[in-house]
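The primary structure of each chain is shown beneath.
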Amino acid sequence: MDVATGEERGTTERVLTLLGLLQQRDVWTGPELAGRLGVTPRTVRRDVGRLRALGYPVHAAQGVGGGYRLGPGKDLPPLLLDDEEAIATAVSLLAGAGGAVTGAGEAALRALTKLDRVLPTRLRHEVRALSGSVESFGGGGTPVDPEVLMTLARACRDEVEAGFGYPSGAEVRRRRVEPYRLVASDRRWYLLAYDLGRDDWRTFRVDRMTGVAARTWRFRPRPAPDAAAYVQESVASRVYPHRARFLVRAPAETVRAQIPASAAVVRERGSGLCEVLSGAGSLDFLLMHMLLLGHDFEVLDPPELGRRCHALARRLLSAGAGFPPGPDEQPAAPGTGRHEQVSGG
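I will try to describe carefully the structure that is included in this document. The residue numbering used here restarts from 1 in each chain and proceeds along that chain's sequence as written. Residue-level local features of this predicted model are given only where pLDDT is at least 70; pairs of side-chain atoms are given and counted only at 80 or more, and the full residue set underlies all totals for whole chains, interfaces and linings. Side-chain descriptors were evaluated using all non-hydrogen atoms of the structure, hydrogens and water having been removed beforehand.

**A closer look at the environment of A155**
Here a strand is any run of E in DSSP of at least two residues, a helix any run of H or I of at least four, and the numbering for each starts at the N terminus. Within the secondary structure layout, A155 lies in helix α7 (residues 146–158). Considered as a pair, A155 and A213 are 58 residues apart in the sequence and their alpha carbons are 8.9 Å apart. Look past the residues within four positions of A155 in its chain and what remains in contact with it is V160, A162, P179 and A214. Contact between two residues is taken to exist if any of their heavy atoms lie within 4.5 Å; hydrogens are not considered.

**Overview of α7**
Multiplying 1.5 Å by the helix residue count minus one yields the expected span of that helix. With 13 residues, α7 should cover 18 Å at 1.5 Å per step; its first-to-last C-alpha distance of 18 Å lies within 8% of that length. Buried means the residue's accessible area, taken with a 1.4 Å probe over protein chains only, is under 20% of the maximum for its type, while exposed means over 50%, and partly exposed covers the values in between. Of all the residues in α7, the buried ones are V148, L149, M150, T151, L152, A153, A155 and C156. Directly after α7, the chain includes E159, whose backbone phi takes a positive value near 55°.

**Remarks on the pattern of salt bridges**
One speaks of a salt bridge when a side-chain nitrogen belonging to Lys or Arg is within 4 Å of a carboxyl oxygen belonging to Asp or Glu. Tallied over the full model, the rule gives 17 salt bridges. Its salt-bridge partner being D200, residue R202 comes within 3.3 Å of it at the nearest N-O pair. Taking the shortest distance from any N to any O, the salt bridge between R308 and D284 comes out at 2.7 Å. Here R308, found in helix α11 (residues 303–319), pairs with D284, found in helix α10 (residues 283–292); they are 24 residues apart in sequence, far enough to count as distant. Since its relative accessible area comes to 24%, R308 is described here as partly exposed. Exposure remark for D284: the relative accessible area of 31% places this residue in the partly exposed category. Ionic contacts of the salt-bridge type, sharing partners, join the residues R245, R267, R269, E275 and D301 into one network.

**What about the layout of surface pockets?**
Over the atoms, a rolled probe matching the size of one water molecule traces out where space is still vacant. For each structure, a 1 Å grid was placed over the protein atoms alone; sets of points admitting a 1.4 Å probe that cannot get out are labelled cavities, open sets with protein on both sides within 12 Å along at least five of seven lines are labelled pockets, and lining residues have an atom within 4 Å of a point. Grid points are joined across faces, edges and corners, and a volume is the space filled by probe spheres set on the points. Considered as a void within the structure, the second largest pocket measures approximately 240 Å³ in volume. Lining the second largest pocket are 14 residues, with I259, A263, S278, G279 and H289 positioned closest to its centre. Where the lining of the second largest pocket is concerned, the elements lending two or more residues are β11 (273–280) and α10. Taken together, the residues of the lining of the second largest pocket break down into 10 nonpolar, 4 polar and no charged. Throughout, the ten residues Ala, Val, Leu, Ile, Met, Phe, Trp, Tyr, Cys and Pro are labelled nonpolar, Asp, Glu, Lys and Arg are labelled charged, and all others, Gly among them, are labelled polar.

Right under this line is the structure:
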């Protein structure tokens, strides 16, 4: 009895693996599946028969280009998730696809594709609306109401206005917008939209919205900025009281790997240079972080930060006055303008 139970368990696991393979690719030949499963082509044929008995439409074709193919998702047995669970799963997978977990992006996309394939027809277009209206930099992390995300995603897809309450100082004001994209940062979800009341593009934190509703009024899409870049720059400019711009003598991809996406905007400047727009609670903190990157850099803005470099340099030189300079150190050249150079190496 124990042996039979083990054999049944092995067969079940193999059949589930076979189903997963069929969901990964359009067509598999019998020998390919046999090699992946470690069984004979005859066993593959029997397992395909088991899937068909369970209601999975596995089609077989002979000749060149033939093989086993999983049929359309609408014929598959119902997914054993209710609507809210399915949507929440899709949102989580999208966050993973955006890079919330190292190495999980590709797996999350594969899982989302499988989920989309077996979803009931009434939900499939909802998930596709979400995936088509969501961008990310750094992956999503703050939980939000999935229904709110779906409402905004539908509005983005259908090009209809949306309305919601949003904090403005000490009060909450109603905003009317033309929604463009949902963007997941490494901490929160944002909506990029054209604010009709302010006649300009704005970003909104989804977790701060209240009373979110899609309207019936359609709009013609305007030329829009890059959603992820716009939100990233907006976050960097709003979160911190002090902002600064630096020219860094290092490739942009190197610096991006050192700074969280939500903390700075890094732009390629060519010839191994990049421009960094960053923010912090104090000017000294900004300089400290730039120094710790380990690259030479120049202060571009604001002017007071360049002057702060001189003050800190004098303080550091005074602190090390009792020690001789190293053999590879050169005297610092005097500043020649508002762009003061500070060595981070």
